[in-house]
Amino acid sequence: ALGFKAGGGTTVYGYMNLLDNVELRFGDDLDLRMEHDGGAGYIQNYTGNFTIRQHTDDADIIFQCDNGSGGVENYIQIDGSEGRTLFNKNIRVNDNVEIQVGSSADLKIYHDASHSYIKDTGVGDLKISSNTVRIESNAAENMIIAIANGGVSSYYNNVKKFETTSAGVAVTGSLSTTE
């Protein structure tokens, strides 16, 4: 059933059923469109920016999808109360596509199909902060371990060979020098 208000406006009681391949169009030039073609649904914008706006205080915008097991889960959540975006599933960035951080994209992380890179091209240092920094091989073998207020150890084939200590350095095995 339809209801009409004086001065404009239409109220639909129940639901409005649009068949497949019928577009719902908005705007003077009909440039915002919604449609289902029988296989997929679309929201398409043909002029200007496309903005999704949430006005409820401390509420979120949540993107959900089938989880592959018949359920529905949150994949991306724009958290209005915390002022952050949450990714609830793995994020895959294709080869040669950078994750760029900073107003001038000073920090870049990417893979070029052969090698992986972390590049800091901006002003200042690239700092890694932790009480223990561990660099491991893909087989989880130690390569370098640095401990706050402790030593830095260097490994060969997962065996500690060089270590800084409070007294200086300790070397396991032979030490050779060249001029």
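What you see is a predicted model; the values in this text were computed from it and never measured.

Before going further, it helps to spend a moment on the overall build of the protein chain. If you tally the helices and strands in the protein chain, you get 0 helices and 16 strands. Computed over its C-alpha atoms, the radius of gyration of the protein chain comes to 28 Å, more than 25% above the 16 Å expected for a compact globule of 179 residues. Taken over the C-alpha atoms alone, the protein chain extends approximately 90 × 35 × 30 Å along its principal axes. Scored against the burial criterion, the 179 residues of the protein chain give a buried share of 8%. Intrachain contacts of the protein chain at a sequence separation of at least 6 include 0% that bridge at least 24 residues.

Across the sheet, 3 strands lie side by side as S6-S7-S8; this open sheet has antiparallel pairing. Each having just a single partner strand, strand S6 (60-66) and strand S8 (84-87) make up the two edges of the open sheet. Between one strand and the next, the sheet's axes are offset by a mean angle of 20°, whatever the strand orientation.

Another point: the sheet that holds strand S14 (residues 152-156). Read from one edge to the other, the open sheet built from 5 strands follows the order S12-S13-S14-S15-S16, with strand pairing classed as antiparallel. Single-partner strands in this sheet number two, and they are strand S12 (132-136) and strand S16 (168-171). Put simply, the sheet's adjacent strands are angled 10° from each other on average, direction ignored. When strand S15 (residues 159-165) meets S16, the two strands line up antiparallel, connected through 4 bridges. Counted as the bridge partner of threonine 165 is glycine 168 from S16.

Among the structural elements, aspartate 31 can be located in the loop between strand S3 (24-26) and strand S4 (32-36). Although buried, aspartate 31 forms no salt bridge, and the nearest oppositely charged side chain, arginine 33, lies 7.1 Å from it. Setting aside residues no more than four positions away along its own chain, aspartate 31 makes contact with Phe26, Gln44, Asn45, Tyr46 and Thr47.

Calculation notes
- Residues numbered from 1 in each chain as written.
- Predicted model: local features only at pLDDT ≥ 70, side-chain atom pairs only at ≥ 80, totals over all residues.
- Heavy atoms only, no water.
- Helix = DSSP H or I, 4+ residues; strand = E, 2+ residues; numbered from the N terminus.
- Rg over C-alpha atoms; globule rule 2.2 N^0.38 Å.
- Buried < 20%, exposed > 50% of the residue type's maximum accessible area, 1.4 Å probe, protein only.
- Contact = heavy atoms within 4.5 Å.
- Pairing = 2+ DSSP bridges.
- Axes fitted to C-alpha atoms, helices over the stretch in contact; angles between N-to-C directions.
- Lys, Arg positive; Asp, Glu negative; His and termini not counted.
- Salt bridge = Lys/Arg side-chain N within 4 Å of Asp/Glu carboxyl O.

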